[in-house]
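# Notes for the structure review
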Amino acid sequence: MTRRIDFATMVLPLLGIGVMLLIWTMLSTTVARDLPSPMKTWEESKQYILNPFFKDGEMNQGIGRFAFLSLVRVAKGFLLAIVIGTPLGFLLGLSVFFYRTFDPVIQILRPISPLAWLPLGLVIFRQSEPAAIFTIAICAMWPTVINTAVGVRSISPEYLNVGRVLKLSRMKTLRRIIIPGSLPYVFTGYRLSLGLAWLVIVASEMLTGAPGVGGFLWQEYNSLVYSHILLSIITIGLIGFSLDRLMGVVERRFKTA
Amino acid sequence: MAFLEIRAVSKSFNLNGKSRSGSALPVLRDINLAINEREFVCIVGRSGAGKTTLISLIAGLIEADQGEILLEGKPIQGPGPERGIVFQNYSLLPWMTVFENVYLAVDAVASDLAAKEKRQRTEHYIKLVNLGDAARKRPRELSGGMRQRVAVARGLAMDPKVLLMDEPFSALDALTRGTLQEELARIWTESKKTVVMITNDIDEAILLADTIYTLTASPGATLGPAVRVEAPHPRSRSQLSREPGYQRARRETVGILVAGQNGRGTRSAVAQAVAP
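Nothing here was measured: the structure is a model prediction, and the numbers come from that model.

Further remarks concern the overall build of chain A. A tally of regular secondary structure across chain A gives 10 helices and zero strands. When the helices and strands of chain A are listed from N to C terminus, the series reads α-α-α-α-α-α-α-α-α-α. In terms of overall dimensions, chain A has a C-alpha envelope of 70 × 60 × 35 Å along the principal axes. For chain A, the residues scored as buried account for 39% of the 257 residues in total. Once local pairs closer than 6 in sequence are excluded, the contacts in chain A between residues at least 24 apart make up 70%.

Moving on, we get to the interface of chain A and chain B. The partner chain B presents 17 residues to the 14 residues of chain A that form the contact. Of all elements in the fold, only α7 (157-165) and α8 (170-208) of chain A reach the threshold of two or more residues within the side of chain A that touches chain B. Residue contributions to the side of chain A that touches chain B peak at six residues, all from α7 of chain A. For the side of chain A that touches chain B, the per-class residue count stands at eight nonpolar, two polar and four charged.

All names here are of chain B. What the six strands build is an open sheet, ordered β6-β7-β8-β3-β9-β10; its pairing is mixed. Every other strand in the sheet has two partners, leaving β6 (83-86) and β10 (227-228) as the edge strands with one partner each. Relative to strand β9 (residues 211-215), strand β3 (residues 40-45) is paired through five bridges, and the arrangement is parallel. For Cys 42, the partnering residue across the bridge sits in β9 and is Ile 212.

Turning next to the environment of Asn 32 of chain B. Residue and element names in this part refer to chain B. Structurally, Asn 32 is set in strand β2 (residues 24-35). Distance in space between the C-alpha atoms of Asn 32 and Glu 68 is 9.6 Å, their sequence separation being 36 residues. Setting aside its immediate chain neighbours within four residues, Asn 32 contacts Ile 6, Arg 7, Ala 8 and Leu 223.

This paragraph deals with the sheet that holds β2 of chain B. Residue and element names in this part refer to chain B. The four strands lie next to each other as β2-β1-β4-β5, forming an open sheet whose pairing is antiparallel. The open sheet has two edge strands, β2 and β5 (74-75), and neither has a second partner. As paired elements, strand β1 (residues 4-14) and strand β4 (residues 66-71) share five bridges and run antiparallel to each other. In the strand pairing of β4, Ser 10 is matched with Gln 66. Each of β1, β2 and β4 is contacted by helix α1 (residues 51-59), which is oriented at about 60° to β2, the strand it contacts most.

As a further point, take the confidence of the model for chain B. All names here are of chain B. Looking at chain B as a whole, its pLDDT mean stands at 84, while 90% of the residues score no less than 70. Mean pLDDT values over the elements of chain B span from 44, in helix α9 (residues 268-274), up to 95, in helix α2 (residues 98-109). Here residues 263-276 scores under 50 on pLDDT; set against residues more than four positions off or in separate chains, the count is 10 contacts.

So, about the packing of helix α5 (residues 114-125) of chain A against α8 of chain A. Residue and element names in this part refer to chain A. Their axes nearest at 10 Å, the elements α5 and α8 cross at an angle of 45°. Regarding the angle of α5 to α8, the classification is oblique. With respect to the hand of their crossing, α5 and α8 are arranged in right-handed fashion. Packed against α5, whose contacting residues are Pro 114, Leu 115 and Leu 118, the element α8 presents Val 200, Ala 203, Ser 204 and Leu 207 at the interface.

Turning to helix α4 (residues 144-157) of chain B, a few remarks are in order. Think of an α-helix as turning once every 3.6 residues; residues three or four places apart then point the same way. Residue and element names in this part refer to chain B. Here α4 is 14 residues long and its end C-alpha atoms lie 20 Å apart, about the 20 Å a rise of 1.5 Å per residue gives. Judged by how many residues are buried, α4 sits mostly within the fold: 12 of 14 residues are covered. Against the buried residues of α4 lie β6, α2, α3 (115-128), β7 (162-166) and α5 (174-191). Backbone geometry just downstream of α4 places Asp 159 in the positive-phi region, at approximately 45°.

So, on to helix α6 (residues 128-153) of chain A. Residues and elements named next belong to chain A. With 26 residues, α6 extends 38 Å between its outermost C-alpha atoms, agreeing within 8% with the 38 Å of an ideal straight helix rising 1.5 Å per residue. Met 141 marks the point of greatest bend in α6, at about 35°, and the proline Pro 143 comes within the next four residues. Of all 26 residues that make up α6, 21 are buried, and the element is covered over most of its length.

Our next topic: the nonpolar core. Core analysis: the largest hydrophobic core is formed by 135 residues, its most contacted members being Ile 136, Ala 140 and Ala 197 of chain A together with Val 102, Ala 153 and Val 196 of chain B. Ranked by residues supplied to this core, first place goes to α8 of chain A with 16 residues. Once residues lying within four places of it in the same chain are set aside, the contact partners of Val 102 of chain B are Thr 122, Tyr 125, Ile 126, Val 150, Ala 153, Arg 154 and Ala 157 of chain B.

Residues and elements named next belong to chain B. Even without being glycine, Ala 8 reaches a positive phi, approximately 45°. Along the chain, Ala 8 turns up in strand β1. For Ser 91, which is not glycine, the phi torsion reads 50° and is therefore positive. If you trace the backbone, Ser 91 turns up in the loop between β6 and α2. Looking at Ser 91, the number of C-beta atoms within 10 Å reads 23, which means it is buried.

The rules behind each value
- Residues numbered from 1 in each chain as written.
- Chains lettered and ligands numbered in written order.
- Predicted model: local features only at pLDDT ≥ 70, side-chain atom pairs only at ≥ 80, totals over all residues.
- Helix = DSSP H or I, 4+ residues; strand = E, 2+ residues; numbered from the N terminus.
- Buried ≥ 20, exposed ≤ 12 C-beta atoms within 10 Å, placed from the backbone.
- Contact = placed C-beta atoms within 7 Å.
- Nonpolar A, V, L, I, M, F, W, Y, C, P; charged D, E, K, R; others polar.
- Pairing = 2+ DSSP bridges.
- Axes fitted to C-alpha atoms, helices over the stretch in contact; angles between N-to-C directions.
- pLDDT = per-residue confidence, 0-100.
- Parallel < 35°, antiparallel > 145°, perpendicular 65-115°, else oblique.
- Left-handed = near helix turned anticlockwise from the far one by under 90°.
- Expected span 1.5 Å × (residues − 1).
- Bend = angle between axes of the 7 residues up to and from the residue.
- Core = buried A, V, L, I, M, F, W, Y, C linked by C-beta atoms within 7 Å.

Structure (C-alpha coordinates):
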(Lines give C-alpha, C1' and ligand atoms only; values in the text may rest on other atoms or scores of the structure.)
Protein backbone atom coordinates (compact mmCIF):
# COMPACT_ATOMS: atom_id res chain seq x y z
CA MET A 1 0.00 0.00 0.00
CA THR A 2 2.70 2.49 1.01
CA ARG A 3 4.74 1.51 -2.03
CA ARG A 4 1.86 2.34 -4.30
CA ILE A 5 1.43 5.72 -2.66
CA ASP A 6 5.16 6.38 -3.10
CA PHE A 7 4.84 5.49 -6.75
CA ALA A 8 1.89 7.81 -7.28
CA THR A 9 3.16 10.74 -5.22
CA MET A 10 6.91 10.62 -5.93
CA VAL A 11 7.70 8.74 -9.09
CA LEU A 12 4.94 10.04 -11.36
CA PRO A 13 5.61 13.75 -10.74
CA LEU A 14 9.33 13.12 -11.36
CA LEU A 15 8.39 11.38 -14.59
CA GLY A 16 6.38 14.45 -15.62
CA ILE A 17 9.33 16.74 -14.92
CA GLY A 18 11.58 14.39 -16.87
CA VAL A 19 9.29 14.49 -19.91
CA MET A 20 9.20 18.28 -19.67
CA LEU A 21 13.02 18.48 -19.62
CA LEU A 22 13.17 16.13 -22.60
CA ILE A 23 10.81 18.32 -24.64
CA TRP A 24 12.80 21.38 -23.61
CA THR A 25 16.07 19.74 -24.74
CA MET A 26 14.54 18.66 -28.03
CA LEU A 27 13.20 22.12 -28.75
CA SER A 28 16.54 23.74 -27.95
CA THR A 29 18.41 21.40 -30.29
CA THR A 30 15.94 21.53 -33.17
CA VAL A 31 13.49 24.33 -33.90
CA ALA A 32 14.50 26.93 -31.29
CA ARG A 33 18.26 27.21 -31.51
CA ASP A 34 18.32 30.39 -29.37
CA LEU A 35 16.61 28.59 -26.49
CA PRO A 36 19.30 27.47 -24.04
CA SER A 37 19.21 23.76 -23.22
CA PRO A 38 18.55 22.66 -19.60
CA MET A 39 22.27 21.96 -19.12
CA LYS A 40 23.31 25.34 -20.46
CA THR A 41 20.70 27.05 -18.34
CA TRP A 42 22.05 25.32 -15.26
CA GLU A 43 25.66 26.19 -16.12
CA GLU A 44 24.88 29.85 -16.60
CA SER A 45 22.49 30.14 -13.66
CA LYS A 46 24.16 28.12 -10.96
CA GLN A 47 25.96 31.04 -9.34
CA TYR A 48 22.52 32.64 -8.81
CA ILE A 49 21.10 29.45 -7.35
CA LEU A 50 24.03 28.10 -5.32
CA ASN A 51 24.71 31.51 -3.84
CA PRO A 52 21.14 32.81 -3.74
CA PHE A 53 21.72 35.84 -1.52
CA PHE A 54 24.76 37.56 -3.06
CA LYS A 55 24.39 41.16 -4.08
CA ASP A 56 26.52 42.71 -6.78
CA GLY A 57 24.59 45.82 -7.76
CA GLU A 58 20.88 46.56 -7.87
CA MET A 59 20.03 44.34 -10.84
CA ASN A 60 22.63 41.62 -10.27
CA GLN A 61 21.66 39.70 -7.17
CA GLY A 62 21.19 36.06 -6.18
CA ILE A 63 17.83 34.57 -7.17
CA GLY A 64 16.87 34.24 -3.49
CA ARG A 65 17.31 37.99 -3.05
CA PHE A 66 15.24 38.76 -6.15
CA ALA A 67 12.55 36.35 -5.02
CA PHE A 68 12.49 37.99 -1.61
CA LEU A 69 12.09 41.46 -3.14
CA SER A 70 9.24 40.21 -5.31
CA LEU A 71 7.58 38.43 -2.40
CA VAL A 72 7.66 41.58 -0.27
CA ARG A 73 6.04 43.52 -3.11
CA VAL A 74 3.41 40.82 -3.60
CA ALA A 75 2.76 40.67 0.14
CA LYS A 76 2.04 44.41 0.23
CA GLY A 77 -0.24 44.25 -2.79
CA PHE A 78 -2.00 41.13 -1.54
CA LEU A 79 -2.56 42.57 1.94
CA LEU A 80 -3.99 45.74 0.41
CA ALA A 81 -6.22 43.58 -1.80
CA ILE A 82 -7.70 41.58 1.08
CA VAL A 83 -7.99 44.56 3.41
CA ILE A 84 -10.14 46.31 0.80
CA GLY A 85 -11.66 43.21 -0.79
CA THR A 86 -12.95 41.39 2.29
CA PRO A 87 -15.23 44.15 3.67
CA LEU A 88 -16.33 44.94 0.11
CA GLY A 89 -17.27 41.29 -0.35
CA PHE A 90 -19.23 41.25 2.91
CA LEU A 91 -21.14 44.39 1.90
CA LEU A 92 -21.96 42.89 -1.50
CA GLY A 93 -23.13 39.68 0.14
CA LEU A 94 -25.19 41.34 2.84
CA SER A 95 -26.94 44.12 0.96
CA VAL A 96 -28.98 43.59 -2.18
CA PHE A 97 -28.90 47.35 -2.71
CA PHE A 98 -25.13 47.43 -2.55
CA TYR A 99 -24.89 44.37 -4.77
CA ARG A 100 -27.15 45.80 -7.47
CA THR A 101 -25.26 49.08 -7.37
CA PHE A 102 -21.70 47.83 -7.54
CA ASP A 103 -21.80 44.39 -9.11
CA PRO A 104 -21.81 45.81 -12.69
CA VAL A 105 -18.79 48.00 -11.89
CA ILE A 106 -16.94 45.03 -10.45
CA GLN A 107 -17.76 42.84 -13.42
CA ILE A 108 -16.33 45.52 -15.72
CA LEU A 109 -13.17 46.14 -13.67
CA ARG A 110 -12.45 42.46 -13.08
CA PRO A 111 -11.22 41.40 -16.53
CA ILE A 112 -8.83 44.35 -16.96
CA SER A 113 -5.22 43.26 -17.41
CA PRO A 114 -2.43 44.44 -15.09
CA LEU A 115 -0.75 45.86 -18.18
CA ALA A 116 -3.63 48.33 -18.40
CA TRP A 117 -3.67 49.25 -14.73
CA LEU A 118 0.03 49.90 -14.34
CA PRO A 119 0.26 53.04 -16.50
CA LEU A 120 -2.73 54.42 -14.63
CA GLY A 121 -0.94 53.66 -11.36
CA LEU A 122 2.12 55.53 -12.61
CA VAL A 123 -0.05 58.48 -13.54
CA ILE A 124 -1.69 58.55 -10.12
CA PHE A 125 1.32 57.86 -7.89
CA ARG A 126 4.18 59.16 -10.08
CA GLN A 127 6.46 56.50 -8.60
CA SER A 128 7.01 52.95 -9.73
CA GLU A 129 6.81 51.18 -6.36
CA PRO A 130 3.33 52.36 -5.28
CA ALA A 131 2.15 51.93 -8.85
CA ALA A 132 3.27 48.30 -8.81
CA ILE A 133 1.55 47.64 -5.48
CA PHE A 134 -1.59 49.39 -6.69
CA THR A 135 -1.63 47.18 -9.79
CA ILE A 136 -1.17 44.00 -7.79
CA ALA A 137 -3.90 44.99 -5.34
CA ILE A 138 -6.49 45.99 -7.90
CA CYS A 139 -5.93 42.88 -10.00
CA ALA A 140 -5.77 40.44 -7.10
CA MET A 141 -8.75 41.83 -5.21
CA TRP A 142 -11.61 40.35 -7.23
CA PRO A 143 -11.51 36.69 -6.22
CA THR A 144 -11.61 37.80 -2.58
CA VAL A 145 -14.51 40.17 -3.23
CA ILE A 146 -16.54 37.68 -5.22
CA ASN A 147 -15.87 34.63 -3.04
CA THR A 148 -16.66 36.53 0.13
CA ALA A 149 -19.94 37.77 -1.33
CA VAL A 150 -20.86 34.26 -2.49
CA GLY A 151 -19.86 32.89 0.93
CA VAL A 152 -22.14 35.32 2.73
CA ARG A 153 -25.04 34.60 0.42
CA SER A 154 -24.65 30.84 0.63
CA ILE A 155 -24.86 30.67 4.41
CA SER A 156 -27.57 28.16 5.14
CA PRO A 157 -30.89 29.78 6.11
CA GLU A 158 -31.01 27.22 8.93
CA TYR A 159 -28.09 28.94 10.62
CA LEU A 160 -29.69 32.34 10.09
CA ASN A 161 -32.94 30.98 11.58
CA VAL A 162 -31.04 30.08 14.74
CA GLY A 163 -30.02 33.72 14.97
CA ARG A 164 -33.59 34.85 14.31
CA VAL A 165 -35.08 32.61 17.00
CA LEU A 166 -32.47 33.83 19.48
CA LYS A 167 -33.15 37.42 18.39
CA LEU A 168 -29.45 38.11 17.98
CA SER A 169 -28.53 41.70 17.18
CA ARG A 170 -27.23 42.51 13.70
CA MET A 171 -23.68 42.78 15.03
CA LYS A 172 -23.92 39.48 16.86
CA THR A 173 -25.44 37.73 13.86
CA LEU A 174 -22.53 39.02 11.82
CA ARG A 175 -19.89 37.98 14.34
CA ARG A 176 -21.31 34.64 15.39
CA ILE A 177 -23.00 33.38 12.25
CA ILE A 178 -22.24 35.25 9.04
CA ILE A 179 -18.49 35.75 9.39
CA PRO A 180 -17.62 32.25 10.66
CA GLY A 181 -20.08 30.73 8.20
CA SER A 182 -18.48 32.39 5.21
CA LEU A 183 -14.83 31.94 6.24
CA PRO A 184 -14.25 28.85 4.08
CA TYR A 185 -15.27 30.85 1.00
CA VAL A 186 -13.28 33.87 2.14
CA PHE A 187 -10.11 31.80 2.38
CA THR A 188 -10.69 30.24 -1.01
CA GLY A 189 -10.86 33.83 -2.24
CA TYR A 190 -7.58 34.62 -0.48
CA ARG A 191 -5.87 31.66 -2.09
CA LEU A 192 -7.02 32.67 -5.56
CA SER A 193 -6.11 36.31 -4.87
CA LEU A 194 -2.60 35.37 -3.80
CA GLY A 195 -2.19 33.35 -6.99
CA LEU A 196 -3.27 36.35 -9.04
CA ALA A 197 -1.02 38.71 -7.09
CA TRP A 198 1.95 36.52 -7.91
CA LEU A 199 0.86 36.37 -11.55
CA VAL A 200 0.77 40.14 -11.73
CA ILE A 201 4.19 40.69 -10.13
CA VAL A 202 6.12 39.86 -13.29
CA ALA A 203 4.14 42.25 -15.44
CA SER A 204 4.43 45.10 -12.96
CA GLU A 205 8.16 44.59 -12.38
CA MET A 206 8.80 44.35 -16.11
CA LEU A 207 7.14 47.65 -16.77
CA THR A 208 8.58 49.49 -13.79
CA GLY A 209 12.02 47.90 -13.96
CA ALA A 210 11.94 47.30 -10.22
CA PRO A 211 14.46 44.81 -8.82
CA GLY A 212 12.81 41.41 -8.38
CA VAL A 213 12.32 38.20 -10.30
CA GLY A 214 10.23 39.87 -12.99
CA GLY A 215 12.56 42.84 -13.30
CA PHE A 216 15.54 40.50 -13.54
CA LEU A 217 13.80 38.50 -16.24
CA TRP A 218 13.19 41.56 -18.38
CA GLN A 219 16.71 42.92 -17.85
CA GLU A 220 18.33 39.62 -18.84
CA TYR A 221 16.16 39.48 -21.95
CA ASN A 222 17.45 42.90 -22.91
CA SER A 223 21.01 41.75 -22.15
CA LEU A 224 20.49 38.66 -24.32
CA VAL A 225 21.21 36.25 -21.42
CA TYR A 226 18.37 33.91 -22.30
CA SER A 227 19.22 31.23 -19.77
CA HIS A 228 18.37 33.66 -17.00
CA ILE A 229 14.89 34.11 -18.45
CA LEU A 230 14.40 30.39 -17.90
CA LEU A 231 15.89 30.64 -14.43
CA SER A 232 13.37 33.38 -13.60
CA ILE A 233 10.47 31.48 -15.12
CA ILE A 234 11.27 28.36 -13.09
CA THR A 235 11.69 30.42 -9.92
CA ILE A 236 8.34 32.16 -10.48
CA GLY A 237 6.65 28.83 -11.04
CA LEU A 238 8.14 27.17 -7.96
CA ILE A 239 7.29 30.09 -5.68
CA GLY A 240 3.75 30.36 -7.08
CA PHE A 241 3.27 26.64 -6.48
CA SER A 242 4.57 26.90 -2.90
CA LEU A 243 2.35 29.89 -2.15
CA ASP A 244 -0.70 28.05 -3.40
CA ARG A 245 0.11 25.01 -1.29
CA LEU A 246 0.70 27.20 1.74
CA MET A 247 -2.65 28.96 1.32
CA GLY A 248 -4.27 25.59 0.69
CA VAL A 249 -3.16 24.51 4.17
CA VAL A 250 -4.54 27.72 5.69
CA GLU A 251 -7.77 27.27 3.73
CA ARG A 252 -8.32 23.73 5.00
CA ARG A 253 -7.73 24.96 8.53
CA PHE A 254 -10.89 27.06 8.20
CA LYS A 255 -13.10 24.43 6.61
CA THR A 256 -16.12 23.82 8.79
CA ALA A 257 -18.63 20.98 8.77
CA MET B 1 -58.03 30.64 27.96
CA ALA B 2 -55.50 28.42 26.29
CA PHE B 3 -51.79 29.03 26.78
CA LEU B 4 -50.97 28.75 23.10
CA GLU B 5 -53.76 29.27 20.64
CA ILE B 6 -53.87 28.96 16.89
CA ARG B 7 -56.92 30.62 15.36
CA ALA B 8 -58.08 29.87 11.82
CA VAL B 9 -54.58 29.91 10.38
CA SER B 10 -54.10 29.30 6.67
CA LYS B 11 -50.92 29.30 4.64
CA SER B 12 -50.25 28.99 0.93
CA PHE B 13 -47.01 28.89 -0.97
CA ASN B 14 -46.53 30.36 -4.39
CA LEU B 15 -45.33 27.83 -6.86
CA ASN B 16 -43.85 30.32 -9.29
CA GLY B 17 -42.72 32.84 -6.71
CA LYS B 18 -44.78 35.63 -8.25
CA SER B 19 -47.98 37.35 -7.20
CA ARG B 20 -50.00 36.04 -4.30
CA SER B 21 -53.06 35.63 -6.48
CA GLY B 22 -51.16 33.43 -8.93
CA SER B 23 -50.99 29.68 -8.68
CA ALA B 24 -50.72 29.46 -4.91
CA LEU B 25 -50.60 26.01 -3.36
CA PRO B 26 -52.63 25.87 -0.16
CA VAL B 27 -50.54 24.02 2.44
CA LEU B 28 -52.56 24.56 5.59
CA ARG B 29 -56.14 25.70 5.83
CA ASP B 30 -58.19 26.71 8.81
CA ILE B 31 -55.92 25.34 11.52
CA ASN B 32 -57.36 25.71 15.03
CA LEU B 33 -55.50 24.54 18.07
CA ALA B 34 -55.60 25.30 21.77
CA ILE B 35 -52.76 24.09 23.96
CA ASN B 36 -52.66 24.29 27.75
CA GLU B 37 -49.68 25.22 29.82
CA ARG B 38 -47.37 22.26 30.57
CA GLU B 39 -49.11 20.16 27.96
CA PHE B 40 -47.15 17.92 25.63
CA VAL B 41 -48.78 18.01 22.23
CA CYS B 42 -47.77 15.91 19.26
CA ILE B 43 -48.87 16.67 15.73
CA VAL B 44 -48.77 13.58 13.56
CA GLY B 45 -48.93 13.57 9.82
CA ARG B 46 -47.41 12.03 6.76
CA SER B 47 -44.33 13.59 5.23
CA GLY B 48 -45.29 16.50 3.01
CA ALA B 49 -48.46 17.19 4.99
CA GLY B 50 -47.27 20.65 6.03
CA LYS B 51 -46.03 19.77 9.50
CA THR B 52 -42.86 21.81 9.23
CA THR B 53 -44.89 24.72 7.85
CA LEU B 54 -47.12 24.59 10.91
CA ILE B 55 -44.24 24.60 13.37
CA SER B 56 -42.47 27.37 11.43
CA LEU B 57 -45.66 29.42 11.74
CA ILE B 58 -45.73 28.94 15.51
CA ALA B 59 -42.02 29.75 15.69
CA GLY B 60 -42.71 32.91 13.71
CA LEU B 61 -40.16 32.05 11.05
CA ILE B 62 -42.89 32.41 8.43
CA GLU B 63 -46.09 34.43 8.49
CA ALA B 64 -49.62 33.10 8.16
CA ASP B 65 -51.78 34.34 5.27
CA GLN B 66 -54.86 34.34 7.49
CA GLY B 67 -55.61 33.83 11.14
CA GLU B 68 -53.47 34.47 14.17
CA ILE B 69 -51.34 32.70 16.73
CA LEU B 70 -51.52 33.80 20.36
CA LEU B 71 -49.18 32.99 23.20
CA GLU B 72 -50.63 33.84 26.62
CA GLY B 73 -53.31 35.81 24.81
CA LYS B 74 -50.88 38.01 22.86
CA PRO B 75 -50.39 37.63 19.10
CA ILE B 76 -46.87 36.47 18.26
CA GLN B 77 -44.58 38.85 16.40
CA GLY B 78 -41.86 37.09 14.41
CA PRO B 79 -39.50 34.56 15.93
CA GLY B 80 -38.30 34.71 19.52
CA PRO B 81 -36.64 32.55 22.16
CA GLU B 82 -39.88 32.26 24.18
CA ARG B 83 -40.88 29.88 21.40
CA GLY B 84 -37.63 27.93 21.37
CA ILE B 85 -37.27 25.45 18.56
CA VAL B 86 -35.38 22.22 17.97
CA PHE B 87 -34.88 22.06 14.23
CA GLN B 88 -35.39 18.91 12.20
CA ASN B 89 -31.79 18.80 11.00
CA TYR B 90 -30.36 20.13 14.29
CA SER B 91 -28.97 23.37 12.75
CA LEU B 92 -26.02 23.38 15.10
CA LEU B 93 -23.42 25.95 14.17
CA PRO B 94 -20.52 23.81 12.95
CA TRP B 95 -17.81 26.34 13.85
CA MET B 96 -18.80 26.29 17.51
CA THR B 97 -18.24 23.63 20.15
CA VAL B 98 -21.17 22.00 21.93
CA PHE B 99 -20.63 24.39 24.81
CA GLU B 100 -20.56 27.44 22.55
CA ASN B 101 -23.69 26.37 20.70
CA VAL B 102 -25.64 26.12 23.94
CA TYR B 103 -23.96 29.20 25.42
CA LEU B 104 -25.14 31.25 22.44
CA ALA B 105 -28.73 30.53 23.49
CA VAL B 106 -28.11 31.15 27.20
CA ASP B 107 -26.34 34.40 26.38
CA ALA B 108 -29.17 35.49 24.12
CA VAL B 109 -31.97 35.02 26.67
CA ALA B 110 -30.07 35.92 29.85
CA SER B 111 -27.64 38.59 28.66
CA ASP B 112 -27.83 40.44 31.97
CA LEU B 113 -26.42 37.52 33.97
CA ALA B 114 -22.77 37.41 34.99
CA ALA B 115 -20.55 35.40 32.67
CA LYS B 116 -19.92 32.82 35.37
CA GLU B 117 -23.62 32.18 35.86
CA LYS B 118 -24.16 31.90 32.13
CA ARG B 119 -21.42 29.30 31.95
CA GLN B 120 -22.96 27.35 34.82
CA ARG B 121 -26.35 27.46 33.19
CA THR B 122 -24.87 26.23 29.92
CA GLU B 123 -23.16 23.35 31.71
CA HIS B 124 -26.42 22.50 33.43
CA TYR B 125 -28.25 22.02 30.13
CA ILE B 126 -25.38 20.04 28.63
CA LYS B 127 -25.40 17.71 31.64
CA LEU B 128 -29.17 17.44 31.42
CA VAL B 129 -28.86 15.76 28.03
CA ASN B 130 -25.92 13.61 29.22
CA LEU B 131 -23.29 15.31 27.08
CA GLY B 132 -20.91 16.51 29.79
CA ASP B 133 -17.94 14.74 28.23
CA ALA B 134 -18.50 16.17 24.76
CA ALA B 135 -18.81 19.84 25.70
CA ARG B 136 -15.54 20.82 23.97
CA LYS B 137 -16.27 18.91 20.79
CA ARG B 138 -17.57 20.33 17.55
CA PRO B 139 -20.78 19.01 15.96
CA ARG B 140 -18.92 17.17 13.18
CA GLU B 141 -17.15 15.05 15.81
CA LEU B 142 -20.48 13.86 17.24
CA SER B 143 -22.86 11.10 16.21
CA GLY B 144 -26.36 11.95 15.01
CA GLY B 145 -27.86 11.12 18.39
CA MET B 146 -25.38 13.35 20.21
CA ARG B 147 -26.05 16.22 17.82
CA GLN B 148 -29.74 15.85 18.51
CA ARG B 149 -29.04 16.05 22.25
CA VAL B 150 -27.14 19.29 21.70
CA ALA B 151 -30.09 20.67 19.74
CA VAL B 152 -32.45 19.72 22.59
CA ALA B 153 -30.08 21.28 25.14
CA ARG B 154 -29.99 24.47 23.08
CA GLY B 155 -33.77 24.49 22.80
CA LEU B 156 -34.14 24.12 26.57
CA ALA B 157 -31.41 26.71 27.16
CA MET B 158 -33.63 29.29 25.50
CA ASP B 159 -35.84 28.74 28.54
CA PRO B 160 -38.87 28.90 26.26
CA LYS B 161 -42.49 29.18 27.25
CA VAL B 162 -43.19 26.68 24.50
CA LEU B 163 -40.60 24.26 23.18
CA LEU B 164 -41.21 23.48 19.52
CA MET B 165 -39.71 20.31 18.08
CA ASP B 166 -39.76 19.55 14.38
CA GLU B 167 -39.41 15.80 13.85
CA PRO B 168 -36.45 15.84 16.23
CA PHE B 169 -35.67 12.14 16.02
CA SER B 170 -36.56 11.37 12.42
CA ALA B 171 -32.95 11.20 11.22
CA LEU B 172 -31.85 8.74 13.90
CA ASP B 173 -31.62 4.97 13.87
CA ALA B 174 -34.34 3.09 15.76
CA LEU B 175 -32.24 2.26 18.83
CA THR B 176 -30.88 5.78 19.35
CA ARG B 177 -34.33 7.14 18.72
CA GLY B 178 -35.80 4.96 21.46
CA THR B 179 -33.16 6.08 23.98
CA LEU B 180 -33.64 9.73 23.15
CA GLN B 181 -37.42 9.48 23.34
CA GLU B 182 -37.23 8.09 26.85
CA GLU B 183 -34.69 10.74 27.80
CA LEU B 184 -36.94 13.45 26.46
CA ALA B 185 -39.82 11.96 28.47
CA ARG B 186 -37.64 12.16 31.60
CA ILE B 187 -36.47 15.73 30.88
CA TRP B 188 -40.01 16.84 30.20
CA THR B 189 -41.29 15.36 33.47
CA GLU B 190 -38.57 17.30 35.27
CA SER B 191 -38.91 20.63 33.47
CA LYS B 192 -42.65 20.52 32.72
CA LYS B 193 -42.41 22.74 29.70
CA THR B 194 -45.19 23.18 27.21
CA VAL B 195 -44.09 21.22 24.16
CA VAL B 196 -45.37 21.06 20.61
CA MET B 197 -43.70 18.26 18.74
CA ILE B 198 -44.08 17.31 15.12
CA THR B 199 -43.61 13.68 14.20
CA ASN B 200 -44.53 11.06 11.64
CA ASP B 201 -44.22 8.27 14.17
CA ILE B 202 -47.47 7.41 15.94
CA ASP B 203 -45.74 5.37 18.64
CA GLU B 204 -43.40 8.22 19.40
CA ALA B 205 -46.41 10.52 19.76
CA ILE B 206 -48.15 8.13 22.12
CA LEU B 207 -45.03 7.61 24.21
CA LEU B 208 -44.54 11.32 24.78
CA ALA B 209 -47.75 13.25 24.30
CA ASP B 210 -50.73 14.17 26.44
CA THR B 211 -52.67 15.06 23.32
CA ILE B 212 -52.21 14.03 19.72
CA TYR B 213 -53.52 15.87 16.68
CA THR B 214 -53.37 14.51 13.19
CA LEU B 215 -52.70 16.59 10.13
CA THR B 216 -54.46 15.39 7.00
CA ALA B 217 -52.52 15.24 3.78
CA SER B 218 -51.58 18.39 1.88
CA PRO B 219 -52.63 20.35 -0.14
CA GLY B 220 -54.88 22.22 2.20
CA ALA B 221 -54.12 20.12 5.26
CA THR B 222 -56.18 20.66 8.36
CA LEU B 223 -56.17 19.27 11.88
CA GLY B 224 -58.23 16.29 12.97
CA PRO B 225 -59.86 15.90 16.40
CA ALA B 226 -57.72 15.64 19.52
CA VAL B 227 -56.74 12.22 20.85
CA ARG B 228 -56.00 12.12 24.57
CA VAL B 229 -53.33 9.68 25.74
CA GLU B 230 -54.41 8.51 29.19
CA ALA B 231 -51.25 7.03 30.68
CA PRO B 232 -49.10 8.35 33.51
CA HIS B 233 -45.76 10.08 32.82
CA PRO B 234 -42.93 9.27 32.45
CA ARG B 235 -43.76 6.38 30.22
CA SER B 236 -41.36 3.77 28.99
CA ARG B 237 -41.68 1.78 25.83
CA SER B 238 -41.71 -1.59 27.61
CA GLN B 239 -44.65 -0.87 29.94
CA LEU B 240 -46.57 1.12 27.36
CA SER B 241 -47.79 -1.85 25.34
CA ARG B 242 -49.61 -3.13 28.42
CA GLU B 243 -51.41 0.16 29.06
CA PRO B 244 -55.05 0.13 27.92
CA GLY B 245 -54.79 3.90 27.28
CA TYR B 246 -52.02 3.25 24.78
CA GLN B 247 -54.08 0.82 22.73
CA ARG B 248 -57.04 3.17 22.64
CA ALA B 249 -54.95 6.20 21.62
CA ARG B 250 -53.30 4.20 18.88
CA ARG B 251 -56.61 2.96 17.49
CA GLU B 252 -58.09 6.44 17.50
CA THR B 253 -55.08 8.13 15.89
CA VAL B 254 -54.77 5.55 13.16
CA GLY B 255 -58.53 5.70 12.64
CA ILE B 256 -58.41 9.47 12.09
CA LEU B 257 -55.48 9.18 9.73
CA VAL B 258 -57.25 6.49 7.71
CA ALA B 259 -60.46 8.52 7.55
CA GLY B 260 -58.44 11.50 6.37
CA GLN B 261 -56.88 9.37 3.68
CA ASN B 262 -60.15 8.02 2.30
CA GLY B 263 -60.97 9.44 -1.09
CA ARG B 264 -57.35 10.43 -1.66
CA GLY B 265 -56.46 7.03 -3.02
CA THR B 266 -53.21 6.38 -1.19
CA ARG B 267 -53.88 4.02 1.65
CA SER B 268 -50.79 1.87 1.60
CA ALA B 269 -48.84 3.85 4.20
CA VAL B 270 -51.74 3.82 6.61
CA ALA B 271 -52.37 0.14 6.00
CA GLN B 272 -48.80 -0.46 7.11
CA ALA B 273 -49.29 1.68 10.19
CA VAL B 274 -52.34 -0.35 11.22
CA ALA B 275 -50.63 -3.69 10.73
CA PRO B 276 -49.04 -4.22 14.19
